[in-house]
Amino acid sequence: MAFVAKPDRIDTFSTIHDWESADYEPTLPVSEKSNPLTRHIDRAPASSIMKMLQACDAQMFQEKSQTQYQRLLSEEMVKTLMEVAERVRLILKDPQDSLVVLSGCGTSGRLAFFMASGFNRELQRLNYAPVCSYVIAGGDRALFSSQEAPEDDPTLGALCLKKVSEGKKRVLFVGVSCGLSAPFVAGQLDFCLRHPDVYTPVLVGFNPAHQARKEPIPGCTLTFHSVVTRMEELAKTQKAFLINPALGPEAISGSSRMKGGSATKILLEVVFSASFSRTPVTFNGILQHMRSYEKALDFTYSHSEEIAALMEAAGRSLQCGRQVCYLGWGSLGLLGLIDASECKPTFGADHEDIRGFVSGGYKELGNNEGDLTLMGPEFSISHDDFLDGVLPRLTDADTVLLLYSHSDDVDEVAKLARRVREKTSNIHAAYHQTDGDAAAKQMASRSIQTFATLGSSPYLQPPLQGTFASKIRQREFSTKLLLNAVSTGAHIFKGKVFKNYMIDLQVTNSKLYRRAARLLQKLSGHSESECEEALLKAIYQVDKLSEDIATCSLDAAKAKKVVPLALVCLLTGCSMKEVESRLEQQPIVREAMETCLKSS
Ligand code: S6P
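Since the model is a prediction, treat every value here as computed from it, not as a measurement.

Chemist: Describe the overall build of the protein chain, listing the residues and the values that go with them.
Modeler: When you go through the protein chain residue by residue, the secondary structure sums to 22 helices and 12 strands. Looking at the protein chain residue by residue over its 600 residues, the buried ones come to 60%. Working note: accessible area of the protein chain is about 23,300 Å², and carbon and sulfur atoms make up 52% of it.

Chemist: Let's hear about the pattern of salt bridges: which residues, and what values?
Modeler: On inspection of all chains with the given rule, the structure shows 27 salt bridges. Glu342 serves as the salt-bridge partner of Arg257, at 2.6 Å between the closest nitrogen and oxygen. Of this pair, Arg257 sits in the loop between β5 (241-243) and α9 (259-276) while Glu342 sits in helix α12 (residues 330-347), placing them 85 residues apart in sequence. When sorted by exposure, Arg257 lands in the same class as Glu342, which is buried.

Chemist: Describe the UniProt feature "domain: SIS" (unreviewed entry) in the protein chain, and please don't skip the residues or the numbers.
Modeler: UniProt annotation of "domain: SIS" (unreviewed entry) refers to residues 84-281 and 314-496 when read in the numbering used here. Annotation note: span residues 84-281, helix share 44%, strand share 14%, distance between end C-alpha atoms 10 Å.

Chemist: Account for the sheet that holds strand β1 (residues 98-104), naming residues and giving values.
Modeler: Within the open sheet, the 5 strands sit side by side as β2-β1-β3-β4-β5. Their pairing is parallel. Each of the sheet's edge strands pairs with one partner strand only, and the pair in question is β2 (132-136) and β5. Within the sheet, the average angular offset between the axes of one strand and its neighbour, ignoring direction, is 20°. By the bridge criterion, 3 bridges tie strand β4 (residues 199-204) to β5 in an arrangement that is parallel. Each bridged residue has a counterpart across the sheet, and for Val204 the counterpart in β5 is Ile243. This element, helix α6 (residues 154-164), spans β1, β2, β3 (170-176) and β4 of the sheet and lies at about 155° to β2.

Chemist: How would you explain the site of the ligand if you had to name every residue and give the values?
Modeler: Around the ligand sit 16 residues, and of these Ser108, Glu151, Ser177, Cys178 and Lys511 come closest. Residue Ser108 places a side-chain N or O atom 2.6 Å away from an oxygen atom belonging to the ligand. Between the ligand and the protein, one listed contact pairs an oxygen atom with a side-chain N or O atom of Ser177 at 2.7 Å. If the ligand stood free it would expose 410 Å²; the protein chains cover 96% of that surface. Counting residues per element, the shell around the ligand draws most heavily on helix α4 (residues 106-125), which supplies 3 residues. Partitioning the shell around the ligand into residue classes produces 3 nonpolar, 9 polar and 4 charged.

Chemist: Could you give an account of the domain arrangement of the protein chain, naming the residues involved and the relevant values?
Modeler: What the domain assignment reports for the protein chain is domain 1 (75-244), domain 2 (299-497) and domain 3 (503-598). Summarising the inter-unit geometry, the C-alpha centres of domain 1 and domain 3 are found 34 Å apart. Contacts between domain 1 and domain 3 engage 8 residues on the former and 8 residues on the latter. Both faces combined, the contact of domain 1 with domain 3 buries some 650 Å², and carbon together with sulfur accounts for 40% of it. At the junction of domain 1 and domain 3, the tally comes to 2 salt bridges.

Scoring rules and cut-offs
- Residues numbered from 1 in each chain as written.
- Predicted model: local features only at pLDDT ≥ 70, side-chain atom pairs only at ≥ 80, totals over all residues.
- Heavy atoms only, no water.
- Helix = DSSP H or I, 4+ residues; strand = E, 2+ residues; numbered from the N terminus.
- Buried < 20%, exposed > 50% of the residue type's maximum accessible area, 1.4 Å probe, protein only.
- Areas by Shrake-Rupley, 256 points an atom, 1.4 Å probe, with all protein chains shown as cover.
- Salt bridge = Lys/Arg side-chain N within 4 Å of Asp/Glu carboxyl O.
- UniProt positions renumbered as here; feature names shortened; annotations may be inferred.
- Pairing = 2+ DSSP bridges.
- Axes fitted to C-alpha atoms, helices over the stretch in contact; angles between N-to-C directions.
- Contact = heavy atoms within 4.5 Å.
- Near = heavy atom within 4 Å.
- Polar contact = N/O pair within 3.5 Å; in protein donor to acceptor, adjacent residues only side chain to side chain.
- Nonpolar A, V, L, I, M, F, W, Y, C, P; charged D, E, K, R; others polar.
- Domains from an automatic or database assignment.
- Buried area = accessible area lost by both parts, 1.4 Å probe.

What follows is the structure, given as C-alpha cells:
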C-alpha cells in the first residue's frame, strides 16, 4: 500500500506565519497545535534542543499582539488575578468555614497538590490557618503514576470536590485544565455553578474560551465548552473567574506538562502570594511578580550548556535501556517525582526509565492518603527505597541527578553522593543557592568541593527578588524547567519523538485517543474512520474489531507502541503480529516509523 504523504503545510507556513495566525492549524486549540519552532527537534543535538526549548518557553511571556489571544501579562489577565487574590483573602479571614480547593488531572492535579502543600506551609509560617486542599483525578496514586482514565469522568470530579469541601460555607474552587478539556474538571466546575451560594469557580487553562473542548462527554449533557460559556457569563459579575492566557504551542505537541505546567505554577503562586501579603494587592505588584519568573527563566537558560550535558547523559542511559534517577530534597525532590511520572503517558516510558526519589518519602509529602508504598514498586519514593532497591544495581550506564539547595542538609547530600559514586561515576547535581549570606556561601563552597568530581552540575544562583517564599518558588520553577528539558531531551534521543509529536504516547483516555487518531491521519493520509479503526485494533491488539470493543474502557488497554502499530498496519495492511515483529526488529520507534513511511 502506498504512503500518501499529505503536503506538509506547516513547513511552508511557519516561515511566513507563526502559530498566532488564524490559518495556522485552524482546527486545533493552541494547546494542541504543533510549534513551528520545534519542527526538527527530533533530529537536533542537545545544544539546539535547549535553544528551541528556550524560545518556546519565552513565548509564555510575549506581549499581546494584534491577534485574538490574551497573554500571561495582558492587562485583563493581571486584573483577574487581582480579583482572585482578593477572594483568597476573604477565605483567609474565615478559615473555620472556608476552603480553597485546587484540582486537576495528570500534571495539573500533581501541581494542584504541590501548590496546595506549599501554600499551606507558607500560611502556617505566616500564622494563618492552612486553608488549601487538593483533588487529583485518580486519587493520590496519580501523584506518582500515570492514571489517565479518571480524567474522563465528570461525575467523579464533582463527587471528589463535594467530599473534600463537605460542611464548608465558602469554597474557592480552582480547576486547572491546560487544554480546557478534562471532563473531570468540567464536572467540578458544573458542580460549583449549580451551588453558587457556597462555591466560586476559577478556571485556569491556556486556550481562549471558544477553543474549549466541544466533544460530547459520554453519559452526560455537559461539554467543557458549555461549562466555560456559563462561566463567561458569570465572570461579568465576578461570580466566576477565567484565567486563560495563550502561551503558544508546546515544544512537544500537546505536552502540557511543559509550558502549561509552568504557567499554572506562575499564575497560582502570583495570586496566592499577593493574597498572603499584608500589603494591598496592586496591578504593578502582580505584574512585577510575574516578570520575576521571566528573569528566572532567562537565568535557567543561561545554564543551557550544563543542562544540555545532563540531557545527553540521561539520553545515553535511556538509549542503552538503563535508568535515570532524580534524588531530591524538599520541594525540588517532589518536582523530580512529578517530572518522572509524566514520562509514561508522554513517551510510553516504563516507570523504571526515569524515577524520582525524595528525602523523607511520604513524611515529607503530607499527601491526603499517606504512605502508598504498599501499592507497588512505582510508589517507593524515599531515598531509603532508592538505597535498598536501586543502588545495588547501579552502573556507569545509569545517570543520577541530585536536586537540592543550600537550605537542605548538605552533609546528608554529600553522604548520599558518596554512596552513589561507589557504584557510578555518572552522577550530577543541580544545586541552588538563593542567598548571598556567609553561611550559605560556606555551604556552597563545601558542596562544590564535594561535587568537584561530579559530571555536569549547574550551579544555579538566580538573581532572585522578593520574599523568602517567592525565592523558593523561583528556584522550583528553574528546577522544573531543567527537569522538563532533561527528560524531554533524553526521550528525544531514545527516539520517542517524531518531528515534534509524541509518537509513543499511551492511549488511555479520550484526549490521548483523539490526539493519537489525529497523528495517524496526518502521517498516513488515511481517513478519520480508517485511522480510528486501526487505532482501536492496535489498542486491543486484534485484527478484527468486535462490537464490545467500542464499550471497553481505554484504561483497560495496556498495549505498548500503539501509534506505531496502528500506523504500520494502516500503511502495509499487515497483521498485528507481523507488525509487532517488524517493530521489535527496530526498537527505536522513530526509526521504525521512518523506515515504514519510506518503504510504504
Ligand atoms: C500532559 C500530561 C497529562 C495532563 C493531563 C491533564 O503533559 O501528560 O497528564 O496533565 O492530561 O491535562 P489538562 O489539559 O486537563 O491540564
